[in-house]
Amino acid sequence: MGMTTTNGKKDRFCLFVTRHRLAFLLLTLAITLGGAAGALRIKSDVILWHLFPYSHPYFQLHARFAQVFGGGGSTAVIVLAAKEGDIFTRETLAKIKQMTDEILLWEEIYRVLTGSIATQSTKVVKSKAKGEISVSPLMYPGVPETEEEIQSLKQHIFSNPSYDGILVSSDGTAALVMTDFKDNISYARAFELLTSLADRFTDDETRVHIVGYPMLMGWIYSHKPQMYLVFGVSILLMILILVVIFRNLVGMVAPIAMSAVCTLLGLGFVGWTGINFSPLLYVLAFLVGARMLSNAVQITSRYIEEFRVSGDPQTACYQTMRTMMMPNAAAVATDAVGFMVLAVAKIVLMLHIAIMMSFWMLTIGLSAMLVPIICSFLPMQTGSTSDAKEKTGGLGNLIKVTAQFAIHKGQYAIWTLVAAVILVGTWQASQLKVGDPTPGSPILWPDHTYNQDAAFLNDQFNASSETFTLYYDGEPESVYDPMVWTTFKKFDQHMARNLPDIYKSSMSIIDMGKMLNLTYRDGDQIWYELPRKESLLEGILGMVRQTAGPAYLQRFLDPTLERTQITLYFSDHTSDNMLRIKEAAYEFFEENSMTTERGQFRLAGGRIGLEIALNEEMAAVHAKMEIMVLGAIFLMCSLAFRSFVAGAMLTLPLILSNLVAFTYMALANIGLSTNTLPCSSVGVGVGVDFAIYLYSRCIEEFKRNGEGWEPTVLRSVLTAGRGILFTGITLILPLFIWYFIAPLKFQAQMGLFLAMLLLVNMLAALTLHPLLILLVRPRFMKRNSQVNELENRK
């Protein structure tokens, strides 16, 4: 009786909306236009602190020390390389000087954190008569004028391990400038400054290579026009697919109009809430847009079917609305849940995705009412579209033959394939890496300018933008404690010894101490280390304090002399190597104290420290998110069909598609990150829609015809299968072409990834689910068929 009441309320609501559909349409359009005004307020920036876990100790450490010493998220490395010969000509050295001076004039950078052979803070230690030692700038304020002066500069650089291979490449063909941008500077602005610099200093004699997080994010930001072009091509392909599928005004206009309404509502919501719409989210935004269109296609297909039966737009509108409301609500709920669970990660970007994309998905809930209403106002003659059997007879036969094969001769092949997917997928999922599995940036193609520049820097220099920092934090004046310096030295030696294949060099205030000790020992390289005797070490420390000068000291010490750091450079930040770096760092402190009498050492900062924090958060929430998505889908489907069996039947096959997706990611060397994890979670929610529509149609057919299981399932597959196939094609093909035309490797891979995920779920809806229904014969599908029969008799 309760079921009858519920259906009665739904039917009366649908009847009311149908009778007042013009008012409902106008009201929706008014709300849409009001909300769309917020789209003009959208901010689209890449913000550093949005990309990393805000509660992780490493990120909190970065936030505390970044303004003093800079950080991995704001460092840029600019390399000036000679096209022929080396840099030791007056013209090229003048370019290095000019480039350095120009960077120092930028208001957007920390001047004290900028270093090159031409900065005042880069020192050379010289011995004088009577055992005196002087510390003076290496190449400041001017460049060498004579060949003798140039050779002297060359000698000072290559005799100093702190400069040889770090500020100047070991072969002398390139020199670099390091700087740190302020945290409040947008990556778009940083990219503008850096690319302008590269353009001006690239000529017939020299070229410029730039790496670092600001440059990487700037490159991504700069590809927005190409990304828009890819989306435009995809949208045109979707429209073409609609033309081919429907060949009538209703089928072309209704899905596009519905997608436009949802898009404007979503963009307006983003603008009015003030959420930053990062370019990294554009792929997800397009997925939501594609989902809007495909959902509307499903409902439009049903409207056309109902119109062929009744010939009356109002009746077709009502019937479509009442039959599609429940499956549409269930499908939208599962889609939204895929986004909502992203809020579990303690990352601002993930929280923003959860909020904006969940709302955007929920707007698709209007489709069940709005699409039939739009269709009812569009002209369509009963005879303008041929009968379904004639128009799609070949397609219908293909769907029917496929389903018959699946439930009869092909069922053993299907179960064998399922077992193979479980075995192979489980093994490949265990091989899936968290973070970046390859050097350079996995977001960009290997031949992209940024990745080529990163490879050049890694090949030519013992420095890089891949930094790992150990901090010291203590009482005022405690940084000159010999214990601090010796610990830094031992830590550096330990990391170099344990990671010889990826360790490149280090930079800290102890470099000056080593150089002073070397000079005292007449330049014998064996003495390029800190004195072991504490009395000699204290003397060296005093000398550094007196002679280094404030410009040099500010790069390594804070004004109160309570904080300092040592930065280690590594060849890359791949996930495996970052685990090795972290293990080696903590292994050192298992044998050495992390505290002194006046302070303590803290791990870890730099780009690698931030990436380790991010990977640890991803590893912690990945499995949790997948379980929560599947659990939420199970709950939503169970509530929608009022059956736990339905929830299980709809959820368990999703595990197979997930295993296929993880297999692809592992084989394609795609790691889990803030870019890929949302696509993985959302793809699961989107994929279940196909099966929901099939199950809903089975329930309808049982109510309508009351036939046996096999005829009912085959009829349901034949009718709902067309909508599933049309919806799948509308989604899959536009995503698939990304692999061939996308400017970003990440966009291309995610297009193929999502297309594969949706294809697996679409095929499962046409083969595995019919087989599953016939094997289980769930009672919820026939629950109301007898009730309806009794009501009809009355």
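Predicted model, so just to flag it, every value in this text is computed and none were measured.

Engineer: Explain the overall build of the protein chain to me, please; I cannot follow it from the model alone.
Structural biologist: Across its full length, the protein chain holds 31 helices and nine strands. Residues classed as buried in the protein chain amount to 59% of the 794 residues present. Considering only residue pairs separated by 6 or more positions, the protein chain has 82% of its internal contacts joining residues 24 or more positions apart. Accessible area for the protein chain stands at about 31,700 Å²; split by element, carbon and sulfur atoms hold 59% of it.

Engineer: How should I be thinking about the environment of glycine 396 in this particular structure?
Structural biologist: With respect to the element layout, glycine 396 can be found in helix H15 (residues 393-407). Given the relative accessible area of 2%, glycine 396 is considered buried. Each C-alpha atom, one on glycine 396 and one on glycine 721, is 8.2 Å from the other, the two residues being 325 residues apart in sequence. Excluding its chain neighbours within four sequence positions, the residues that come into contact with glycine 396 are Leu718 and Arg722.

Engineer: Looking at this structure, I do not really get the confidence of the model for the protein chain. What am I missing?
Structural biologist: Low pLDDT means the predicted atomic positions in that stretch should not be read closely. The predicted model of the protein chain has a mean per-residue pLDDT of 82, with 89% of residues at 70 or higher. Low pLDDT (under 50) marks residues 383-392, which in the prediction has 16 contacts with non-local residues, meaning those over four places away or in another chain.

Engineer: I'm lost on the layout of surface pockets in this one. Help?
Structural biologist: Taking a probe equal in size to a water molecule and rolling it over the atoms shows the remaining empty space. Here the second largest pocket is characterised by a volume of approximately 530 Å³. Elements that contribute at least two residues to the lining of the second largest pocket include exactly helix H8 (224-246), helix H9 (249-273) and helix H10 (282-310). Top element by residues in the lining of the second largest pocket is H8. It accounts for eight residues. Grouping the amino acids of the lining of the second largest pocket by side-chain chemistry returns 16 nonpolar, five polar and one charged.

Engineer: When you look at the nonpolar core in this model, what are you seeing that I'm missing?
Structural biologist: For soluble globular proteins, the rule of thumb is that nonpolar side chains tend to be buried together. In terms of nonpolar packing, the biggest core is built from 250 residues, with Met357, Phe468, Phe491, Met495, Phe570 and Tyr695 touching the most fellow members. For this core, the element with the highest residue contribution is H10, accounting for 16 residues. For methionine 495, the residues in contact, after removing those within four places along its chain, are Phe468, Tyr503, Leu568, Phe570, Ile581, Ala584 and Ala585. Leu61, Val68, Phe69 and Tyr471 belong to the second largest nonpolar core, which has five residues in total.

Engineer: What am I meant to see in the sheet that holds strand S5 (residues 206-212) here?
Structural biologist: In a beta sheet, neighbouring strands pair by backbone hydrogen bonds and run either parallel or antiparallel. If you walk across this open sheet you meet the three strands as S4-S1-S5, and the pairing is antiparallel. Edge positions in the sheet fall to strand S4 (174-180) and S5, since each has one partner strand and no second. Recorded for the sheet is a direction-independent mean angle of 20° between the axes of neighbouring strands. Direction of pairing for strand S1 (residues 75-82) relative to S4: antiparallel, over a ladder of seven bridges. Across the sheet, leucine 80 pairs through a bridge with alanine 175, a residue of S4. Running over the sheet, helix H4 (residues 90-104) touches S1, S4 and S5 and is turned about 160° from S1. Contacts between helix H17 (residues 449-460) and the sheet are confined to S1, S4 and S5, with S5 contributing the most and set at about 100° to the helix.

Engineer: Hey, could you run me through the packing of aromatic side chains in this one?
Structural biologist: Aromatic ring pairs are defined here through the distance separating the ring centres and the angle between the ring planes. In the structure shown here, the tally under the stated rule is 29 aromatic pairs. Cluster of aromatic residues (ring-pair linked, three or more members): Tyr472, Phe488, Phe491, Phe588, Phe589 and Phe601. The ring of phenylalanine 377 has arginine 21 sitting right over it, with the charged end atom 5.1 Å from the ring centre. Lying across the ring of phenylalanine 65, arginine 563 places its NZ or CZ 5.4 Å from the centre.

Engineer: Please clarify how the sheet that holds strand S7 (residues 503-507) should be interpreted in this entry.
Structural biologist: Sheet architecture is open: four strands sit in the order S7-S8-S6-S9, paired in antiparallel fashion. Edge positions in the sheet fall to S7 and strand S9 (599-605), since each of these pairs with one other strand and no more. Ignoring which end each strand starts from, the neighbouring axes of this sheet average 20° apart. As defined by bridge partners, S7 adjoins strand S8 (residues 563-570) across four bridges and the pair is classed as antiparallel. When the sheet's bridge partners are listed, methionine 507 is paired in S8 with threonine 567. Docked against the sheet, helix H23 (residues 606-641) engages strand S6 (467-474), S8 and S9, running at close to 95° with respect to S6.

Engineer: I'm lost on the packing of helix H27 (residues 709-736) against helix H30 (residues 768-776) in this one. Help?
Structural biologist: The relative placement of two packed helices is expressed as an angle between their axes plus a distance between the axes. Axis separation between H27 and H30 bottoms out at 10 Å; the angle between their running directions is 160°. Judged by the angle between their axes, H27 and H30 are roughly antiparallel. Crossing handedness for the pair H27 and H30: right-handed. Every residue of H30 that contacts H27 at Trp709, Glu710, Val713 and Val717 is listed here: Pro770, Ile773 and Leu774.

Engineer: Explanation requested: the environment of aspartate 501 in the structure shown.
Structural biologist: For aspartate 501, the position within the fold is in the loop between helix H18 (482-498) and S7. As for aspartate 501 and serine 571, which are separated by 70 residues in sequence, their C-alpha atoms are 8.4 Å apart. Beyond its immediate chain neighbours, meaning those up to four positions away, aspartate 501 contacts Ser571 and Arg580. A distance of 2.9 Å separates polar atoms of two side chains, one belonging to aspartate 501 and the other to arginine 580.

Engineer: Would you take a moment to explain the side chain of serine 367 for this structure?
Structural biologist: Examined against the element boundaries, serine 367 turns out to sit in helix H13 (residues 367-376). Among the polar contacts listed, one links the side chain of serine 367 to the backbone oxygen of isoleucine 364, at a separation of 2.8 Å. If we skip the residues at most four places from it in the chain, serine 367 touches Met258, Asn295, Ile299, Asn328 and Pro372.

Engineer: Please explain the state of the cysteines as it appears in this structure.
Structural biologist: A disulfide bridge is the covalent bond that connects two cysteines by way of their sulfur atoms. Scanning all chains against the criterion turns up zero disulfides. Here cysteine 14 stays unpaired: no disulfide links it, and the sulfur of cysteine 317, its closest cysteine neighbor, is 8.9 Å away.

Engineer: What should I look at first to understand the pairing of S6 in this one?
Structural biologist: Within a regular strand, side chains alternate between the sheet's two faces. Extensive coverage of S6 is indicated by the burial of eight of its eight residues. Here S6 shows no split at all, with Thr467, Thr469, Tyr471 and Asp473 on one side and Phe468, Leu470, Tyr472 and Gly474 on the other all buried. Of the pairings in the sheet, the one linking S6 to S8 comprises seven bridges and is antiparallel in character. Paired with aspartate 473 across the strands is arginine 563, a residue of S8.

Definitions and cut-offs
- All residue numbers refer to positions counted from 1 along the written sequence of the respective chain.
- In keeping with the predicted nature of the model, local features appear solely for residues at pLDDT of at least 70, side-chain atom pairs appear and are counted solely at 80 or more, and the whole-chain, interface and lining totals rest on all residues.
- Just so you know, side-chain values use all the structure's heavy atoms and leave hydrogens and water out.
- Per the convention used, a helix needs a DSSP run of H or I reaching at least four residues, while a strand needs a run of E reaching at least two, with both numbered from the N terminus.
- Buried residues are those whose accessible area, probed at 1.4 Å on protein chains only, stays under 20% of the maximum for their type, while exposed residues exceed 50% and partly exposed ones sit between those limits.
- Contacts were defined at the residue level, with two residues in contact if any of their heavy atoms lie within 4.5 Å.
- The protein chains shown are the only cover counted for residues, whose accessible areas, like all others here, come from Shrake-Rupley with a 1.4 Å probe.
- On a range of 0 to 100, pLDDT expresses the predictor's confidence in each residue.
- Whether a set of points on the 1 Å grid over the protein atoms alone is a cavity depends on a 1.4 Å probe fitting there but being unable to get out, while an open set qualifies as a pocket with protein on both sides within 12 Å along at least five of seven lines; lining residues are those with an atom within 4 Å of a point.
- Grid points are joined across faces, edges and corners, and a volume is the space filled by probe spheres set on the points.
- Any residue outside Ala, Val, Leu, Ile, Met, Phe, Trp, Tyr, Cys, Pro, Asp, Glu, Lys and Arg is labelled polar, Gly included; the first ten of those are nonpolar and the last four are charged.
- Nonpolar core, defined: a set of buried Ala, Val, Leu, Ile, Met, Phe, Trp, Tyr and Cys residues in which side-chain atoms within 4.5 Å join the residues together.
- In short, DSSP must find at least two bridges between two strands for them to pair.
- Axis lines are fitted through C-alpha atoms, for helices just across the contact stretch, and the angle between N-to-C directions can take any value from 0 to 180 degrees.
- Any two rings among Phe, Tyr and Trp, with Trp reduced to its six-membered ring, count as a pair given centres within 6.5 Å; such a pair is stacked if its planes are under 30 degrees apart, edge-to-face if over 60, and tilted if neither.
- Two conditions define a charge located above a ring, namely a distance within 6 Å from the ring centre to NZ of Lys or CZ of Arg, and an angle within 35 degrees of the ring normal.
- Throughout this description, any angle smaller than 35 degrees is read as roughly parallel, any larger than 145 degrees as roughly antiparallel, any in the 65 to 115 degree range as roughly perpendicular, and the remainder as oblique.
- Put simply, a crossing is left-handed when the front helix is turned counterclockwise from the back one by less than a right angle, and right-handed when it is turned clockwise.
- For the purposes of these results, a polar contact is taken to be a pair of N or O atoms within 3.5 Å, where, inside protein, one atom must be able to donate a hydrogen and its partner to accept one; residues adjacent in sequence count only when each atom of the pair is a side-chain atom.
- The rule for a disulfide is simple: a pair of cysteine sulfur atoms within 2.5 Å.

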